[in-house]
Amino acid sequence: MKTKFLVSVGLAGVWLVVSLHLAVGWVRAVGGALPPLYLCWVIGGVALLPGFLMSAMFFSNLLHRRLPCHPHTDEPVTVILCARNEEANIPLAIRALRRQRYAGPIHVLAVDNGSTDGTRRAILAQQAAGGPGCTVEYVFCAEPGKAHALNAGLARVRTPHFLTVDADTRLEENAVQRIMDHIVAQNSACAAGNLFAANGRGSLAARMQNYDYLLSIAAIKRFQGSYRSTLVAQGAFSAYNTAEVRAVGGWQDVMGEDIVLTYSLLEKGLPSTYEPRAVGYTHVPETAAALYSQRRRWAVGMIEGLAAVRPWRQGTAYARYFTSVNLAVIWLDLAFLFGFLPGVLLAVCGYFYLVGLLTLFTVAVCIVLYASMYRYQKRLGVPFLNSLTGFLAFLVAFQAIQSTAALHGYLTRILHRKGEWK
């Protein structure tokens, strides 16, 4: 594991050295057109650092392309399924759990977090339906907040491991078996599943996000998981060691409750891993406004995680590296908004001050990474949706929405604003 990490970072370092050589010429060519400090800040944030990080991830994922085989487990497992006003979605989520090809018994704790619609009725109908191998228990949590709902479920868990699944997420029929095989064999404190967009043929915003989950998020989790340091075991679909989660106090009442929990487990030196073959189909936001709101919450969650556990306090060198990269993401977002986008406008006018040859190198690395990730996901044999317009929108527009929402999220955290339930 250490050798592959050093090889990946070393090859990325070679790319960085070549890029720095080109960057010196770039700065000299621009001359006095822009302040040198600003120019170096932008070039570092839109070309040098992104290229280094993406190439390190590409080489690491290439070295870890083989999937390990895990023995099957039939250990009983609990699923915490939290819902707030999910009358339409929660029956689908529970039915997907009933259809699981899992060797052991599944007990679903459907936690109703003070819903005002027909969520309670929908859960009780599924509970009455019964079914072999999967039982459903209705749990009511009056205290608003997803963390409170999750902790209410955790208090009722009686199995060594449990899963969290969002009410708008449907698991592929082998998902529970695969993630349970993984977490038991790897002895992980938590293990993230692989999420695809359930509504990837919906609106343009949804089709665009399909490729964010399929290519970007999955690639990052593969990279981090290869070193047992996945930074987010997402609440939408992940597995956990019950005793370890209880030992760190469960979930905190923050916007990024799943991020803070994962950071707390990593701080103890415990492994946080990723199982790409365990697939869940989650409902992604259908509008640009909803997408913006979601990514703003994610940015707040990232800052909450960094505030709860500083990078230098993480339990392993790998976790310290990856959390430090998360801290650098703030620079990347700011450089994109205040360097790359103005640079594109200047380039359209014929002034290649901020966007030029080095930027094209970064784009080339990005395309190679996406192509390899797409091929990897195809090899899993789990169906996902495709959309040419969605992919083009992802390439052209997604990062602008993501970075703008992230900046809003950083400011939200600084101002200590309270967030929504999910």
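All values derive from a computational prediction rather than experimental measurement.

Calculation criteria
Residues numbered from 1 in each chain as written. Predicted model: local features only at pLDDT ≥ 70, side-chain atom pairs only at ≥ 80, totals over all residues. Heavy atoms only, no water. Helix = DSSP H or I, 4+ residues; strand = E, 2+ residues; numbered from the N terminus. Rg over C-alpha atoms; globule rule 2.2 N^0.38 Å. Buried < 20%, exposed > 50% of the residue type's maximum accessible area, 1.4 Å probe, protein only. Contact = heavy atoms within 4.5 Å. Areas by Shrake-Rupley, 256 points an atom, 1.4 Å probe, with all protein chains shown as cover. Lys, Arg positive; Asp, Glu negative; His and termini not counted. Charge placed at Lys NZ, Arg CZ, Asp CG, Glu CD. Salt bridge = Lys/Arg side-chain N within 4 Å of Asp/Glu carboxyl O. Pairing = 2+ DSSP bridges. Axes fitted to C-alpha atoms, helices over the stretch in contact; angles between N-to-C directions. Parallel < 35°, antiparallel > 145°, perpendicular 65-115°, else oblique. Left-handed = near helix turned anticlockwise from the far one by under 90°. Nonpolar A, V, L, I, M, F, W, Y, C, P; charged D, E, K, R; others polar. Polar contact = N/O pair within 3.5 Å; in protein donor to acceptor, adjacent residues only side chain to side chain. Expected span 1.5 Å × (residues − 1).

Undergrad: How do you make sense of the overall build of the chain when you look at a structure like this?
TA: Of regular secondary structure, the chain possesses 13 helices and eight strands. For the chain, whose C-alpha radius of gyration is 22 Å, the value lies close to the compact-globule estimate of 22 Å for 422 residues. The dimensions of the chain, computed from C-alpha atoms along their principal axes, are 75 × 45 × 40 Å. A burial count over the chain gives 55% of its 422 residues as buried. Contacts spanning at least 24 positions in sequence make up 86% of the contacts within the chain whose residues lie at least 6 apart. Total accessible area on the chain is roughly 17,900 Å²; 64% of this is exposed by carbon and sulfur atoms. Both charge centroids of the chain, one from 38 positive and one from 24 negative side chains, sit 7 Å from each other.

Undergrad: Which parts of the structure should I look at to understand the pattern of salt bridges?
TA: Where charged atoms from two side chains of opposite charge approach closely, those side chains can pair. Scanning the entire structure with this criterion turns up nine salt bridges. For Glu137, the salt bridge goes to Arg156, with nearest N and O atoms at 2.9 Å. Of the two residues, Glu137 is situated in strand β3 (residues 134–140) and Arg156 in the loop between α5 (146–154) and β4 (161–166); the sequence distance between them amounts to 19 residues. With relative accessibility at 24%, the residue Glu137 sits in the partly exposed group. The partly exposed category is assigned to Arg156, whose relative accessible area is 42%. Asp212 serves as the salt-bridge partner of Arg295, at 2.8 Å between the closest nitrogen and oxygen. With Arg295 in helix α10 (residues 288–308) and Asp212 in helix α7 (residues 204–225), the pair connects residues that are 83 residues apart, well separated along the chain.

Undergrad: What exactly am I supposed to notice about the pairing of β4 here?
TA: Strand residues, when the strand is regular, have side chains that alternate between the two faces of the sheet. By the criterion of burial, β4 is predominantly enclosed, with six of the six residues buried. By the alternation rule, side chains of β4 split into His161, Leu163 and Val165 and Phe162, Thr164 and Asp166, which are all buried. Pairing between strand β1 (residues 77–83) and β4: five bridges, direction parallel. Note on β4: the bridge partner recorded for Leu81 is Val165.

Undergrad: Whenever I open this one, the sheet that holds strand β5 (residues 169–171) confuses me. Can you help?
TA: The strands that make up a sheet are held in pairs by hydrogen bonds between backbone atoms, and each pair lies either parallel or antiparallel. With mixed pairing, the eight strands of this open sheet are ordered in space as β3-β2-β1-β4-β7-β6-β8-β5. The open sheet has two edge strands with one neighbour each: β3 and β5. Strand-to-strand twist of the sheet, defined as the mean angle between neighbouring strand axes without regard to direction, takes the value 30 degrees. For strand β2 (residues 106–112) and β3, the ladder comprises seven bridges, and the chain directions are parallel. Considered in β3, the bridge of Asp112 is made with Phe140. Against the sheet, helix α4 (residues 119–129) touches β1, β2 and β3, its axis set at about 155 degrees to β3. Across the sheet, α5 lies against β1, β2 and β4, angled at about 150 degrees from β1, the strand it touches most.

Undergrad: Mind showing me how you'd approach the packing of α10 against helix α13 (residues 388–414) here?
TA: Helix-helix packing is described using two parameters, namely the angle between the two axes and the distance between the axes. Taken N-terminus to C-terminus, the directions of α10 and α13 make an angle of 50 degrees; their axes are 7 Å apart at the nearest point. One finds that α10 runs oblique with respect to α13. Both α10 and α13 take part in a crossing whose hand is right-handed. Contacts between α10 and α13 involve Leu291, Tyr292, Arg295, Arg296, Ala299, Val300, Met302, Ile303, Glu304 and Ala307 on the former and, on the latter, Phe398, Ile401, Gln402, Thr404, Ala405, Ala406, His408, Gly409, Tyr410, Thr412 and Arg413. Of the residues assigned to the contact of α10 with α13, the class counts are twelve nonpolar, five polar and four charged.

Undergrad: Help me understand the side chain of Glu275 in this model?
TA: With respect to the element layout, Glu275 can be found in strand β8 (residues 272–282). At 2.8 Å, the side chain of Glu275 and the side chain of Arg277 are in polar contact.

Undergrad: Would you explain helix α1 (residues 2–30) in this entry?
TA: Residues three or four positions apart in an α-helix share a direction because the helix packs 3.6 residues into each turn. Between its first and last C-alpha atoms α1 spans 41 Å; for 29 residues at 1.5 Å apiece the expected length is 42 Å, and the two agree. Buried residues of α1: Phe5, Ser8, Ala12, Trp15, Ser19, Ala23, Trp26 and Val30, and no others. Where α1 is buried, its residues contact α2 (36–63), α11 (317–348) and α12 (357–379). Looking one or two residues beyond α1, the residue adopting positive phi is Gly31, at roughly 65 degrees.

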